[in-house]
Amino acid sequence: MLQLSIVKSGVLRRMCTLRRSRGHAALLGDYKWISLQISLYSAQNAMPQPTHFQGLNIHALIIDNVDGEVLALEHNQIHAHQSPVEHAEQRALRMAIARIAAKRARTPATTVEDYYRTQMFYDDGAEDADFLQRGATIYTSLEPCPMCATTILVCRVKRTVFLLQDTTFGGEWVSAKNQYYKKYNLSYGQLNLSDAGSPLLAQVRDLHQTMSRRVEGVRNDKVIDTLIFDHLIEELQTGFKLFCQLTPDNLTTRGDHNTANTRTFDDLRRICNVPIRPPTSPEIHFR
């Protein structure tokens with residue numbers, strides 16, 4: 001099963017030993033990271049636009065942990081809009097804020113500050129399952145930069161997951177969390193696929209490891225981290241194919257968990273224009 005290395009209220013990577021939550025390994029089903037690769041792959045084939053090389057840049061996905069709805073899937077458009085603030089996370093958060101406001105509107109008795117601090121993307125639960133079933137999760141292709149990390153914290157997004165570490169601009173979430181947001185139960189970490197248990201998930205794990213090795217070579221060629229996905233076209237195409245193999249029958253969860261996962265699954269396939277296909281792939285465990 002997929003497992004994410006998370007930090008709840010401590011520190012990460014450069015600052016101390018990474019804490020891994022063991023209690024919900026069976027609940028974690030971050031197959032959703034593949035959708036980031038799909039969006040990147042799709043960008044490659046989209047209409048030409050003034051953006052980073054081939055349009056293959058950073059993407060962000062926000063999911064409502066309560067019911068599994070995909071609240072936003074956006075990509076970096078700083079060149080398209082000639083604006084330095086049009087990062088994927090900023091764009092996704094704006095879209096998700098609008099969707100949550102329509103979905104679970106603030107009541108007159110709740111102040112704007114209390115609304116975004118306690119209700120919008122956040123819930124105060126501290127149990128392992130709370131990080132999957134309450135608040136929201138933002139998935140990013142690359143670890144958030146200081147601007148986006150701070151915005152994610154200001155919005156009190158319950159859980160942050162990144163596919164690849166940013167060795168240049170990453171790490172700000174940890175220091176800002178410890179200095180300004182200690183009282184909030186939030187999680188942050190890089191996707192960890194080391195416990196993949198099925199053949200399909202093993203393929204995903206191997207792909208992730210291949211990407212990581214490839215990235216190290218790209219960095220040695222002096223490519224900055226914000227452009228590394230432009231050099232992973234083959235891996236992105238493989239991720240797209242893997243996602244296309246998934247079917248609703250791959251969801252082995254039951255009850256409310258399965259309902260939320262099915263919602264996410266259907267939303268991602270719709271957004272990424274992937275049709276539902278007859279079940280052909282092996283059973284895997286999500287969440």
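Residues numbered from 1 in each chain as written. Predicted model: local features only at pLDDT ≥ 70, side-chain atom pairs only at ≥ 80, totals over all residues. Heavy atoms only, no water.

S.K.: Help me out: how do you make sense of the overall build of the protein in this one?
M.R.: Looking only at helices and strands, the protein has nine helices and six strands in total. Element-wise, carbon and sulfur atoms account for 52% of the exposed surface of the protein, whose accessible area totals about 12,500 Å². (Helix = DSSP H or I, 4+ residues; strand = E, 2+ residues; numbered from the N terminus. Areas by Shrake-Rupley, 256 points an atom, 1.4 Å probe, with all protein chains shown as cover.)

S.K.: Teacher, can you tell me more about the side chain of Gln90 here?
M.R.: Considering the arrangement of structural elements, one finds Gln90 in helix α2 (residues 88–103). Look past the residues within four positions of Gln90 in its chain and what remains in contact with it is Val85, Met147, Cys148 and Thr151. (Contact = heavy atoms within 4.5 Å.)

S.K.: Honestly, the environment of Gly68 in this entry has me stumped. Any pointers?
M.R.: Position of Gly68 relative to the elements: it lies in the loop between β2 (59–64) and β3 (70–75). Since its relative accessible area comes to 0%, Gly68 is described here as buried. The sequence separation of Gly68 and Thr264 amounts to 196 residues, and the corresponding C-alpha distance is 4.8 Å. For Gly68, the contacting residues outside a window of four places in its chain are Ile63, Ala260, Arg263, Thr264 and Asp267. (Buried < 20%, exposed > 50% of the residue type's maximum accessible area, 1.4 Å probe, protein only.)

S.K.: Where do I start with the pairing of β3 in this structure?
M.R.: The buried count for β3 comes to six of six residues, which makes it a mostly enclosed element. Sheet topology places β2 next to β3; five bridges connect them, and they run antiparallel. Within β3, the residue paired with Ile62 across the bridge is Ala72. Connecting the antiparallel pair β2 and β3 is a turn made up of five residues, with Gly68 showing a positive phi of about 85°. (Pairing = 2+ DSSP bridges.)

S.K.: Help me understand the packing of α2 against helix α5 (residues 146–154) in this model?
M.R.: Two measures define how a pair of helices packs: the angle their axes make with one another and the distance between the axes. Contact pair α2 / α5: the axes reach a minimum separation of 9 Å and the direction vectors enclose 25°. By the criterion of interaxial angle, the relationship of α2 to α5 is roughly parallel. Along its contact with α2, which presents Glu89, Gln90 and Leu93, the element α5 presents Met147, Cys148, Thr151 and Ile152. A breakdown of the residues in the contact of α2 with α5 according to their chemical character gives four nonpolar, two polar and one charged. (Axes fitted to C-alpha atoms, helices over the stretch in contact; angles between N-to-C directions. Parallel < 35°, antiparallel > 145°, perpendicular 65-115°, else oblique. Nonpolar A, V, L, I, M, F, W, Y, C, P; charged D, E, K, R; others polar.)

S.K.: What should I look at first to understand the nonpolar core in this one?
M.R.: Within soluble globular proteins, side chains that are nonpolar generally end up buried alongside one another. Counting 58 residues, the largest nonpolar core has Ile62, Phe121, Leu164, Trp173, Ile228 and Phe229 as the members making the most contacts within it. Look past the residues within four positions of Ile62 in its chain and what remains in contact with it is Glu69, Val70, Leu71, Ala72, Ala92, Leu93, Ala96, Ala136, Thr137 and Ile138. (Core = buried A, V, L, I, M, F, W, Y, C linked by side-chain atoms within 4.5 Å.)

S.K.: What's the story with the environment of Arg219 in this structure? I'm lost.
M.R.: Along the polypeptide, Arg219 turns up in helix α7 (residues 199–220). Judged by relative accessible area, Arg219 falls into the buried class, the value being 17%. Sequence spacing of Arg219 and Thr167 is 52 residues, and the spatial spacing of their C-alpha atoms is 9.6 Å. Sequence-distant contacts of Arg219, that is, excluding residues within four places in its chain, are made with Gln165, Asp166, Thr167, Asp225 and Ile228. Among the polar contacts made by the side chain of Arg219, one reaches the main-chain carbonyl oxygen of Gln165 at a distance of 2.5 Å. (Polar contact = N/O pair within 3.5 Å; in protein donor to acceptor, adjacent residues only side chain to side chain.)

S.K.: Even after reading the chapter, I still don't get the pattern of salt bridges, so can you show me in this structure?
M.R.: One side chain can pair with another of opposite charge once the charged atoms of both are near each other. The tally for this structure, following the rule as stated, stands at 16 salt bridges. Across the salt bridge formed by Asp64 and Arg104, the nearest N and O atoms sit 3.0 Å from each other. Pair noted here: Asp64 is in strand β2 and Arg104 is in the loop between α2 and α3 (112–118), with a separation of 40 residues, a long-range link. Judged by relative accessible area, which is 0%, Asp64 ranks as buried. A salt bridge links Asp267 to Arg270; its shortest N-O distance comes to 3.3 Å. Of the two residues, Asp267 and Arg270 both sit in helix α9 (residues 255–271), three residues apart, roughly one turn of that helix. Among the residues examined, Asp267 registers a relative accessible area of 7% and is labelled buried. (Salt bridge = Lys/Arg side-chain N within 4 Å of Asp/Glu carboxyl O.)

S.K.: Even after reading the chapter, I still don't get the packing of aromatic side chains, so can you show me in this structure?
M.R.: When we look at a pair of aromatic rings, we describe it by the centre distance and by the angle of the planes. Applying the stated criterion to the full structure yields four aromatic pairs. With a centroid separation of 4.5 Å and an interplanar angle of 10°, the aromatic rings of Trp173 and Tyr188 are classed as stacked. Separated by 15 residues along the polypeptide, Trp173 in helix α6 (residues 172–180) and Tyr188 in strand β6 (residues 187–192) bring together distant segments of the chain. Each member of the pair, Trp173 as well as Tyr188, is classed as buried. Consider the rings of Tyr181 and Tyr184, whose centres lie 6.3 Å apart with planes at 50°: the pair is tilted. Take Tyr181 and Tyr184: they sit in the same class, and that class is buried. Aromatic rings pair up to connect Tyr122, Tyr181 and Tyr184 into one cluster. (Phe/Tyr/Trp six-rings, centres within 6.5 Å; stacked < 30°, edge-to-face > 60°.)

S.K.: I would appreciate a short explanation of unusual backbone geometry in the present structure.
M.R.: Peptide bonds are, in most cases, trans, and in most cases residues other than glycine have a negative phi. The phi dihedral of Arg156 is positive, around 55°, even though this residue is not glycine. Residue position: Arg156 is located in the loop between α5 and β5 (159–164). Of note in the backbone geometry, Lys222 takes a positive phi value of approximately 70° without being a glycine. Note that Lys222 resides in the loop between α7 and α8 (233–245). With relative accessibility at 74%, the residue Lys222 sits in the exposed group.

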